[in-house]
Amino acid sequence: MKTTLITAIIILFTHFCLAQDFWVEISRPLNEGVFAVLIDAELNLITAMGNYEGVYLSDDQGETWMQIGLDGIAVYSLHIDQTGNIFAGTGGFNNLYLMENTEEEWLPLISGIGNVSSIMNASSGSLFIGGWTGIYMSTDFGITWEQVLEFDIDGTYVRAIKEGPDGVLFAGITAFFGGGGVYRSYDNGN
């Protein structure tokens, strides 16, 4: 019994010590929460600051940061497409911005849908965004939008949109007052 207890303690201690070596906290742009992180083709880190601080870029693995726009705007989600265009989902008046190929000029794409908390390009070429009012789809690179999922309950928002290898779309939904769930679409969100 004593040997079993000592062995169990050694295993737990070793597991705890080894697990600590895999993650190391790096500097962040500000002493604020980071809502999203992405890595571009040049291996730059890009972060979304949700507390009205905009978007920051690091070209040295997070040692130093520079702001690349949307100062004074709460940014909740980021997405980079196959061509290097960066999308930023925000709160406030305009809810989705586009920066083409890190040109450092953000263009507003859509407004009035509530906080954009998720962005995803499907293999079909459609662009999806999720927010407080549901899911919207654009088939023309953000020029026009169609709402493909609408919520009846206040305080419900889309937390994540993902595509499975077979083209099936999934959306993770959170409700502030309890509940939520997962939605699925077999027909590209239609």
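Up top you'll find the structure we're talking about.
Residues numbered from 1 in each chain as written. Predicted model: local features only at pLDDT ≥ 70, side-chain atom pairs only at ≥ 80, totals over all residues. Heavy atoms only, no water.

**Some remarks on the overall build of the protein**
For clarity, the threshold we go by: Put simply, DSSP H or I for four residues or longer makes a helix, DSSP E for two residues or longer makes a strand, and each gets a number counted from the N terminus. To sort residues, take the accessible area from a 1.4 Å probe on protein chains only and compare it with the maximum for the residue type: under 20% means buried, over 50% means exposed, and anything in between is partly exposed. Each accessible area is a Shrake-Rupley result for a 1.4 Å probe, and residues are judged covered by the shown protein chains and nothing else.
Along its length, the protein carries one helix and 15 strands. When burial is assessed residue by residue, the protein has 42% of its 190 residues classed as buried. Entry remark: accessible area of the protein is about 11200 Å², with carbon and sulfur atoms responsible for 57%.

**What about the packing of aromatic side chains?**
Put simply, the test is: Classification of ring pairs uses Phe, Tyr and Trp, with its six-membered ring standing for Trp, and accepts pairs whose centres are within 6.5 Å; under 30 degrees between planes counts as stacked, over 60 as edge-to-face, and the remaining range as tilted.
Enumeration over the complete set of coordinates arrives at six aromatic pairs. With centroids separated by 6.3 Å and ring planes inclined at 70°, the aromatic side chains of Phe151 and Tyr183 adopt a geometry described as edge-to-face. Separated by 32 residues along the polypeptide, Phe151 in the loop between β12 (146-150) and β13 (156-163) and Tyr183 in strand β15 (residues 180-185) bring together distant segments of the chain. With relative accessibility at 13%, the residue Phe151 sits in the buried group. Feature note: the residues Trp132, Tyr157 and Phe176 constitute an aromatic cluster, connected by ring pairs.

**Some remarks on the sheet that holds β13**
As a reminder of what qualifies: For two strands to be treated as a pair, DSSP must find no fewer than two bridges joining them. Whenever a helix is involved, its axis is fitted only over the stretch in contact; in every case the axis is a line through C-alpha atoms, and angles between N-to-C directions fall within 0 to 180 degrees.
In spatial order, the strands read β13-β14-β15; together these three strands make up an open sheet with antiparallel pairing. Looking at strand neighbours, the two that pair on one side only are β13 and β15, the edges of this open sheet. Across this sheet, the average inter-strand angle for adjacent strands is 20°, counted without regard to direction. As defined by bridge partners, β13 adjoins strand β14 (residues 169-175) across seven bridges and the pair is classed as antiparallel. When the bridges of β14 are listed, Ile161 appears paired with Ala171.

**Points about the sheet that holds strand β10 (residues 127-130)**
Reading across the sheet, the four strands line up as β9-β10-β11-β12 and stay open at both edges, with antiparallel pairing between neighbours. Looking at strand neighbours, the two that pair on one side only are β9 (118-121) and β12, the edges of this open sheet. When strand polarity is set aside, the average angle formed by the axes of neighbouring strands in this sheet is 20°. Two elements, strand β11 (residues 134-138) and β12, share four bridges in a ladder whose sense is antiparallel. Pairing of Ile135 across the sheet is with Leu149, part of β12.

**A short note on the pairing of β14**
By the alternation rule, side chains of β14 split into Leu169, Ala171, Ile173 and Ala175, which are all buried, and Phe170, Gly172 and Thr174, of which none is buried. Where β13 folds back onto β14 in an antiparallel hairpin, the turn is made up of five residues, including Gly167, whose phi is positive at roughly 90°. Where β14 lies against β15, six bridges are found, and the strand directions are antiparallel. Bridge pairing in β15 places Phe170 opposite Arg184. Between the antiparallel neighbours β14 and β15 lie four residues, among them Gly178 with a positive phi of about 95°.

**A word on a nonpolar patch on the surface**
Spelled out, the test is: In this analysis, a patch consists of residues with relative accessible area above 30% that form no salt bridge, clustered at 9 Å for like charges and at 5 Å for the nonpolar side chains Val, Leu, Ile, Met, Phe, Trp and Tyr. We define a salt bridge as a contact between a side-chain nitrogen of Lys or Arg and a carboxyl oxygen of Asp or Glu at a distance within 4 Å.
Taken together, the side chains of Trp132, Phe176 and Phe177 make up a nonpolar region of the molecular surface, amounting to roughly 400 Å² of accessible area. Note that Phe176 resides in the loop between β14 and β15. Residue Phe176 is classed as partly exposed on the basis of its relative accessible area, which comes to 47%.

**So, the side chain of Asn95**
Our working definition: In what follows, a contact means two residues having at least one pair of non-hydrogen atoms within 4.5 Å.
Its place among the elements puts Asn95 in strand β7 (residues 94-99). Asn95 has contacts with Ala88, Gly89, Thr90, Ile110, Ser111, Gly112, Ile113, Gly114, Asn115 and Val116, leaving out every residue within four places of it along the chain.

**Observations regarding the nonpolar core**
Here is the rule we go by: We define the nonpolar core as a collection of buried residues of types Ala, Val, Leu, Ile, Met, Phe, Trp, Tyr and Cys that are connected through side-chain atoms lying within 4.5 Å of one another.
Among the nonpolar cores identified, the biggest contains 16 residues, and Ile46, Val55, Leu70, Val75, Leu78, Ala88 and Trp106 are the most heavily contacted of them. Of all elements in the fold, only β1 (34-39), β2 (45-49), β3 (54-58), β5 (75-80), β6 (86-90) and β7 reach the threshold of two or more residues within this core. Phe128, Ile161, Ala171 and Ile173 belong to the second largest nonpolar core, which has twelve residues in total.

**Considering the pairing of β6**
The element β6 is largely enclosed, with a buried count of five among its five residues. Side chains Ile86, Ala88 and Thr90 project from β6 onto one buried face, and the interleaved Phe87 and Gly89 project onto a second face that is buried too. Taken together, the five bridges between β5 and β6 define a ladder with antiparallel strand orientation. Of the residues in β6, the one forming a bridge with Ile80 is Ile86. In textbook terms, the turn of a hairpin is the stretch between consecutive antiparallel strands, and for β5 and β6 this stretch comprises five residues, one of which, Gly84, has a positive phi near 95°. Direction of pairing for β6 relative to β7: antiparallel, over a ladder of four bridges. Residue pairing for β7: Ala88 is matched across the bridge by Tyr97. What sits between β6 and β7 in their antiparallel hairpin is a turn of three residues, with Gly92 showing a positive phi close to 85°.

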